[in-house]
Amino acid sequence: MQHFALALLIFFTVHRAEASDLFAVSAPQVLAGGGSGEGAAARSVSLLPQALAVDARGRLYIADEQYNRVRRLAENGALYTVAGNGRYELGAEGIAATESGLHVPASLSFAADGQLYMVDLGNRRVRVVGVDGVVRTVLDADVAEISQADQPFAPYDVCVGLAGEIYVVDRGNNAVWRRDADGGVTRFAGAGARGFAGDGGQARAALLADPRGVAVGPDGSVFIADYGNGRVRRVEPNGEIGTWTGNGDTSDWQRRILAGNASIRPEDVAVDRNGLVLIADGLKPRLLRHEADFSLVEVLRLGEGSEVTDIATDAQGNYWVADYGQRKVWKVAGSGSEWVAGDGGLRASGDGGSGGNATLYGPRATLYDAVGNLYIADTDNHRVRRVR
């Protein structure tokens, strides 16, 4: 997945060495390419946003699949890496998060103490970045309870609860696991088989179908995006599960109807500061809100080619939406929305910045002019780039 982050290397003169040596070559200098847009304006950087989270200071964090990093949107509008070195690997434990490899960060959630939990999708584990910036694994297939499941552990979403516990969606086992603050792990919802059953009973005995997201409400209720069943399921504090939104029909949708009659395909769920449930609807690229009167309202509609994959909220009442299809991040404030990150492009980024921090895709030819400008045929981005 790193084939697009190509670098153009210029090697200096090869010279004859001592008789005991063959040839000595000076170190290459990166003139252009290989960059990830670090420190560049967020709207000028090519992204592939998988997930979002907002910290206690209101700063947005983006799980960026394209550069295999977790990025922070700074107050000056620039993007900075907080986790991941760009390499697709397991990465070492107990080291700085920016030095550790990841394999597609796919979900983010902040704890009250400032720790950042994330799903490391390809490595099939849940990791946490401490306030000291060090990364470690907190949940994987080696945990005794999970190792006894019928299918391989496939974490997809994580959410921190009111008491510091975390809830983890496991698509492989059609389940949600709970890890308490003391490290104890239990099956929270989903018996393992794919299907729809169990409303009115205990969540751990119910059936889910390809769950995608999980969120916790102010009273401790847990909401599950039961994607395959076309429903949002709610688990009450006493462990009883029921359908909160959706009728199981994923073929149609009206703009404002009773939530129990709605046709939805929930990709993700979130809860805002007022306790209202937000739904990323996969039927059409839009954000829905479950109102107090049990109606559904369309909050944000995106265009053709968009795909809403994740939602985050903040203490100011704003909603943040990851548009995976159009490679952008949107902010919804009140009745308006604005594009805040991602340039919508595939691989060409970095214009106006350092050449070494730009992204090229398939550079095929170069040429220097009389005054020292370097011209690059950035073939697969269909453009000619200049490095001054």
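Scoring rules and cut-offs
Residues numbered from 1 in each chain as written. Predicted model: local features only at pLDDT ≥ 70, side-chain atom pairs only at ≥ 80, totals over all residues. Heavy atoms only, no water. Helix = DSSP H or I, 4+ residues; strand = E, 2+ residues; numbered from the N terminus. Buried < 20%, exposed > 50% of the residue type's maximum accessible area, 1.4 Å probe, protein only. Contact = heavy atoms within 4.5 Å. Areas by Shrake-Rupley, 256 points an atom, 1.4 Å probe, with all protein chains shown as cover. Core = buried A, V, L, I, M, F, W, Y, C linked by side-chain atoms within 4.5 Å. Pairing = 2+ DSSP bridges. Phe/Tyr/Trp six-rings, centres within 6.5 Å; stacked < 30°, edge-to-face > 60°. Lys NZ or Arg CZ within 6 Å of the ring centre and 35° of its normal. 1 Å grid on protein atoms, 1.4 Å probe; cavity = no way out; pocket = protein on both sides within 12 Å on 5 of 7 lines; lining within 4 Å. Points joined across faces, edges and corners; volume = space filled by probe spheres on them. Nonpolar A, V, L, I, M, F, W, Y, C, P; charged D, E, K, R; others polar. Polar contact = N/O pair within 3.5 Å; in protein donor to acceptor, adjacent residues only side chain to side chain. Salt bridge = Lys/Arg side-chain N within 4 Å of Asp/Glu carboxyl O.

S.K.: What should I look at first to understand the overall build of the chain in this one?
M.R.: Scanning the chain from terminus to terminus reveals one helix and 32 strands. Taking all 388 residues of the chain together, the buried fraction comes to 53%. Contacts in the chain between residues far apart in sequence, at least 24 positions, make up 43% of those at least 6 positions apart. Working note: accessible area of the chain is about 16,900 Å², and carbon and sulfur atoms make up 48% of it.

S.K.: Would you mind showing me how to read the nonpolar core here?
M.R.: In summary, soluble globular proteins display a tendency toward joint burial of nonpolar side chains. Ranked by internal contacts, the top residues of the largest apolar core, which has 19 residues, are Tyr-117, Val-126, Leu-139 and Ile-166. Taken together, the elements giving at least two residues each to this core come down to β11 (116–120), β12 (125–129), β13 (134–139), β14 (155–160), β15 (166–170) and β16 (175–179). Not counting the four nearest positions on each side in its chain, Ile-166 is found in contact with Tyr-117, Val-126, Val-138, Val-158, Cys-159, Val-160, Trp-177, Arg-178 and Arg-179. Core analysis: the next-biggest nonpolar cluster, separate from the first, contains 17 residues, Ala-40, Leu-73, Ala-312 and Ala-341 among them.

S.K.: Which parts of the structure should I look at to understand the sheet that holds β11?
M.R.: Paired through backbone hydrogen bonds, the strands of a sheet run either parallel or antiparallel to each other. The antiparallel open sheet is built from five strands, whose spatial order is β9-β13-β12-β11-β10. The sheet is open, and its two borders are formed by β9 (95–96) and β10 (105–110), each paired with just one other strand. Examined bridge by bridge, β11 and β12 share five bridges and lie antiparallel to one another. The partner of Tyr-117 across the bridge, within β12, is Val-128.

S.K.: I keep staring at the packing of aromatic side chains and nothing clicks. Help me out?
M.R.: If you walk through the whole model with that rule in mind, you get four aromatic pairs. Seen from their ring centres, Tyr-61 and Phe-110 are 4.9 Å apart, and the 70° between their planes marks the pair as edge-to-face. Here Phe-110 lies in strand β10 and Tyr-61 lies in strand β6 (residues 60–64), a separation of 49 residues in the sequence. With relative accessibility at 5%, the residue Tyr-61 sits in the buried group. Geometrically, the ring pair formed by Tyr-167 and Phe-188 is edge-to-face, given 5.0 Å between the ring centres and 70° between the ring planes. Of the two residues, Tyr-167 is situated in strand β15 and Phe-188 in strand β17 (residues 185–189); the sequence distance between them amounts to 21 residues. The burial state of Tyr-167 is the same as that of Phe-188; both residues are buried. A cation over an aromatic ring shows up here: Arg-212 above the ring of Tyr-227, its NZ or CZ 3.6 Å from the ring centre.

S.K.: Help me understand the layout of surface pockets in this model?
M.R.: Empty pockets left among the atoms are what a rolling probe the size of a water molecule brings to light. Estimates place the volume of the largest pocket at around 1,200 Å³. Lining the largest pocket are 50 residues; nearest its centre among them are Val-54, Ser-109, Phe-110, Ala-111 and Thr-313. Elements that contribute at least two residues to the lining of the largest pocket include exactly β5 (49–54), β10, β14, β18 (211–216), β22 (266–271) and β26 (308–313). Considered class by class, the residues forming the lining of the largest pocket number 28 nonpolar, eleven polar and eleven charged.

S.K.: Would you explain the environment of Glu-165 in this entry?
M.R.: For Glu-165, the location among the structural elements is in the loop between β14 and β15. Residues Glu-165 and Gly-183, spaced 18 residues apart in sequence, show a C-alpha to C-alpha distance of 8.7 Å. Ignoring any residue separated from it by four or fewer positions in sequence, one finds Glu-165 in contact with Cys-159, Val-160, Arg-178, Arg-179, Asp-180 and Ala-181. Polar side-chain contacts of Glu-165 include one of 2.9 Å to the backbone nitrogen of Ala-163.

S.K.: Before we go on, may I ask you to explain the pattern of salt bridges in this structure?
M.R.: Applying the stated criterion across every chain yields a total of 18 salt bridges. Its salt-bridge partner being Asp-55, residue Arg-59 comes within 2.8 Å of it at the nearest N-O pair. Look at Arg-59 and you get buried, because its relative accessible area is 16%. A salt bridge links Glu-89 to Arg-87; the nearest nitrogen and oxygen atoms lie 3.4 Å apart. Using a relative accessible area of 28% as the deciding quantity, one classes Glu-89 as partly exposed. One network of salt bridges, in which partners are shared, links Arg-171, Asp-210, Arg-212 and Glu-267.

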